[in-house]
Amino acid sequence: MTDWTDRVPDATFDLHGQTVSEAATNAERFLKAQVKARPGAIVRLITGRGRAGHGAPIRTRVRGLLRAMKESNQVVRDYQLEDSDGSYLVRLRD
């Protein structure tokens, strides 16, 4: 059996160009809509890696959102920062 992270994402949402607040709100909306439309799907959230020396505030905020959604057993079953450090793969609940 293949690992869920090897699957091609069913949908992708790019958060580039948004403020941290907009990105968090829009990521949450996207995830909630996707879990209704595609239970158990794999989706990708593109956060970007941040600017050199300036951290990655969107990535950090989205990680907190994903953690909270996973811990509450709602929407997110699992998530992983991809090798590029600029996106998360997210496995949605069934």
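Owing to the predicted nature of the structure, the values given are computational and were not obtained by experimental measurement.

The rules behind each value
Residues numbered from 1 in each chain as written. Predicted model: local features only at pLDDT ≥ 70, side-chain atom pairs only at ≥ 80, totals over all residues. Heavy atoms only, no water. Helix = DSSP H or I, 4+ residues; strand = E, 2+ residues; numbered from the N terminus. Rg over C-alpha atoms; globule rule 2.2 N^0.38 Å. Buried < 20%, exposed > 50% of the residue type's maximum accessible area, 1.4 Å probe, protein only. Expected span 1.5 Å × (residues − 1). Arc of directions from axis to C-beta. Contact = heavy atoms within 4.5 Å. Pairing = 2+ DSSP bridges. Axes fitted to C-alpha atoms, helices over the stretch in contact; angles between N-to-C directions. Core = buried A, V, L, I, M, F, W, Y, C linked by side-chain atoms within 4.5 Å. Phe/Tyr/Trp six-rings, centres within 6.5 Å; stacked < 30°, edge-to-face > 60°.

*Asks:* Account for the overall build of the protein, with residues named and values stated.
*Replies:* Helix and strand content of the protein: 2 helices and 4 strands. Compactness check: the protein gives a C-alpha radius of gyration of 13 Å against a globular reference of 12 Å for 94 residues, within 12% of the reference. Principal-axis analysis of the C-alpha atoms gives the protein an extent of 40 × 25 × 20 Å. The buried share of the protein, taken over its 94 residues, is 39%.

*Asks:* Describe in detail helix 1 (residues 20-37), supporting the description with residues and values.
*Replies:* Compared with the 26 Å implied by 1.5 Å per residue over 18 residues, the 26 Å span of helix 1 between its first and last C-alpha is a close match. All buried positions along helix 1 are accounted for by A23, A24, A27, F30, L31, Q34 and V35. Buried residues of helix 1, viewed axially, fall in a sector of 130°; they line one side. When the buried face of helix 1 is taken as reference, the exposed residues oriented beyond 90 degrees from it are R29, K36 and A37. Contacts from the buried residues of helix 1 go to strand 1 (11-14), strand 2 (42-46), helix 2 (57-71), strand 3 (76-81) and strand 4 (87-92).

*Asks:* Pulling in residues and values, what's your account of the sheet that holds strand 2?
*Replies:* Strands sit in the order 1-2-4-3 across an open sheet of 4 strands; the sheet is mixed. At either end of the open sheet lies a strand with only one pairing partner, and these are strand 1 and strand 3. If you compare each strand with its neighbour and ignore which way they point, the axes differ by 20° on average. Packed onto the sheet, helix 1 meets strand 1, strand 2, strand 3 and strand 4 and runs at close to 170° relative to strand 2.

*Asks:* Tell me about the nonpolar core, residues and numbers included.
*Replies:* Membership of the largest hydrophobic core comes to 20 residues, with the highest contact counts inside it found for L31, L45, V62, L66, V90 and L92. Going through the elements one at a time, helix 1, strand 2, helix 2 and strand 4 are the ones with two or more residues in this core.

*Asks:* I'd like a description of the packing of aromatic side chains, backed by residues and values.
*Replies:* Per the stated rule, a full pass over the model turns up 2 aromatic pairs. With a centroid separation of 5.0 Å and 15° between ring planes, the pair formed by F13 and F30 is classed as stacked. With F13 in strand 1 and F30 in helix 1, the pair connects residues that are 17 residues apart, well separated along the chain. Ring plane angle 70° and centroid distance 6.2 Å describe the contact between Y79 and Y88, whose orientation is recorded as edge-to-face.

*Asks:* Tell me about the environment of P57, residues and numbers included.
*Replies:* Within the element layout of this structure, P57 appears in helix 2. Along the sequence, P57 and T19 sit 38 residues apart, while their C-alpha atoms lie 9.2 Å from each other.

*Asks:* Any chance you could break down unusual backbone geometry for me, citing the residues and the numbers?
*Replies:* Residue N73 is not a glycine yet carries a positive backbone phi of 55°. Inspection of the secondary structure puts N73 in the loop between helix 2 and strand 3. Notably, V75 is not glycine yet its phi reads approximately 70°, a positive angle. Structurally, V75 can be placed in the loop between helix 2 and strand 3.

Read these as spatial facts, not as claims about activity.
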